[in-house]
Amino acid sequence: MSTPLIENISGPAAKKYAQRRAAKGKPIRFKPREDSVGPRPGWVTYALLSIVLIASVFPLYYTAILGSSTRVEIAQSALPRLFPGPNLLDNIIAIVSNHQIDFWMSALNSVVVAVVVSAATVFFSTLAGFSFAKLGFRGKNGLYVFVIATLVIPMQLGTVPMFIMMNEFGWIDSLAALIVPSLVGAFGVFWMTQYLKEALPYELIEAARVDGASVLRTFWSIALPAARPAAATLALFTFVGSWNEFFWPSVVLRSQKTLPLVIPQLSGAFTADHALIMSGVFLIALPLLVAFVFLGKQLVAGVMAGAVKG
């Protein structure tokens, strides 16, 4: 009597096992593993993952090593030491207390730009993704293809016309020149559209319409909560990209600075203190490391959800 049950749960292999045990008059000790998703990865997989991990961590490790060394040690050896030394903290204190670069104002500018851009990108990308995924309007497919096609256009190609526009608006040397052009992006629209196509059932939308909810009310109360995992991942990606942005801020900013623009100012007119520069690079990357430590699970969950749903 238990053979069909085992067959349905675990397949023909379990059926043969049960038949052999029954023919010998022995009890069936097979317990199907419902949480099994396939064979365990072999040593080749772990070796490749280890190589990728080392290649990913080594630049940051090398930055910390150079930042904790002195100029003389760097000149004598490309890898002065194996572990960061006390000079790293001294160099970081020297950067923070340097009044010539105005570190704290630059950090505030970076935080404001990254937070506003991330929040706006998530909101507008989710709104556009909800429209493309669940609403019907004329020209939807063509407009969506046009938005995706903009991903192949290099950002540098639009630098000159964008600079002219910022100059006409009077936004040169203003944080608005960094925030407004980045309020929404094609990647965010694509990401949220692919997620909402499967994560948001039409039945919920129809139920909201029956209850008298408007389109915006449906988006705010149903679509936005459903898109939370993908939205969190998109926010983290956008924050990292905005925090590390160097090219466009260097074009439009003059007196104001963001943290990536502070690093070149650590070099002298004729010489460069590489230890101080590497300490600055490590200091800028430190908040991102903290964010990844606390939001790593959310990031992986969002990426996996987007991969499954899309």
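Scroll up to find the structure.
Right, let's walk through the structure included here. (Residues numbered from 1 in each chain as written. Predicted model: local features only at pLDDT ≥ 70, side-chain atom pairs only at ≥ 80, totals over all residues. Heavy atoms only, no water.)

Counting its secondary structure elements, the chain contains 16 helices and zero strands. Counting across all 310 residues of the chain, residues that qualify as buried make up 33%. Of all intrachain contacts in the chain linking residues separated by at least 6 positions in sequence, the fraction that spans at least 24 positions is 69%. By element, 68% of the accessible surface of the chain is carried by carbon and sulfur atoms, the whole surface being about 19,100 Å². (Helix = DSSP H or I, 4+ residues; strand = E, 2+ residues; numbered from the N terminus. Buried < 20%, exposed > 50% of the residue type's maximum accessible area, 1.4 Å probe, protein only. Contact = heavy atoms within 4.5 Å. Areas by Shrake-Rupley, 256 points an atom, 1.4 Å probe, with all protein chains shown as cover.)

To continue, consider empty space enclosed by the protein. Tallying each qualifying case throughout the model produces one cavity of 30 Å³ or more. In this structure, the largest cavity encloses a volume near 30 Å³. What lines the largest cavity is simply Ile95, Phe103, Leu259, Val262, Ile263, Gly280, Leu283 and Ile284. In terms of residues, the lining of the largest cavity owes the most to one element, helix α16 (residues 274-309), which gives three residues. For the lining of the largest cavity, the residue count by class is seven nonpolar, one polar and no charged. (1 Å grid on protein atoms, 1.4 Å probe; cavity = no way out; pocket = protein on both sides within 12 Å on 5 of 7 lines; lining within 4 Å. Points joined across faces, edges and corners; volume = space filled by probe spheres on them. Nonpolar A, V, L, I, M, F, W, Y, C, P; charged D, E, K, R; others polar.)

This next bit is on helix α12 (residues 215-226). For α12, spanning twelve residues, the distance from its first C-alpha to its last is 15 Å, which sits close to the expected 16 Å at 1.5 Å a residue. Buried within α12 we find Thr218, Phe219 and Ala223. Angular distribution of buried residues about the axis of α12 spans 95°; they occupy a single face of the element. α12 presents Arg217 and Trp220 as exposed residues on the side facing more than 90 degrees away from its buried surface. (Expected span 1.5 Å × (residues − 1). Arc of directions from axis to C-beta.)

A few words on the layout of surface pockets. The computed volume of the largest pocket comes to approximately 1,200 Å³. Along its surface, the largest pocket is lined by 34 residues, and Met155, Pro181, Ser182, Val184 and Gly185 are the ones closest to its centre. Residue assignment for the lining of the largest pocket shows that the elements contributing at least two residues are α6 (103-134), α7 (140-149), α8 (159-169), α10 (186-199), α13 (228-243) and α14 (247-252). Take the lining of the largest pocket: its biggest share by element is six residues, from α13. Tallied by class, residues from the lining of the largest pocket come to 21 nonpolar, twelve polar and one charged.

Attention now goes to the nonpolar core. Note that soluble globular proteins tend to have their nonpolar side chains buried in a common cluster. Formed by 20 residues in total, the largest nonpolar core has its most connected members in Ile95, Ile101, Phe103, Trp243, Leu259 and Leu266. Looking at this core, the elements that each hand over two or more residues are α5 (87-96), α6, α13, α15 (259-262) and α16. Take this core: its biggest share by element is six residues, from α16. Not counting residues within four places of it along the chain, the set of residues in contact with Ile101 comprises Ile95, Ser106, Val262, Gln265 and Leu266. Counting 16 residues, the second largest nonpolar core, distinct from the first, contains Val122, Trp191, Tyr195 and Ala231. (Core = buried A, V, L, I, M, F, W, Y, C linked by side-chain atoms within 4.5 Å.)

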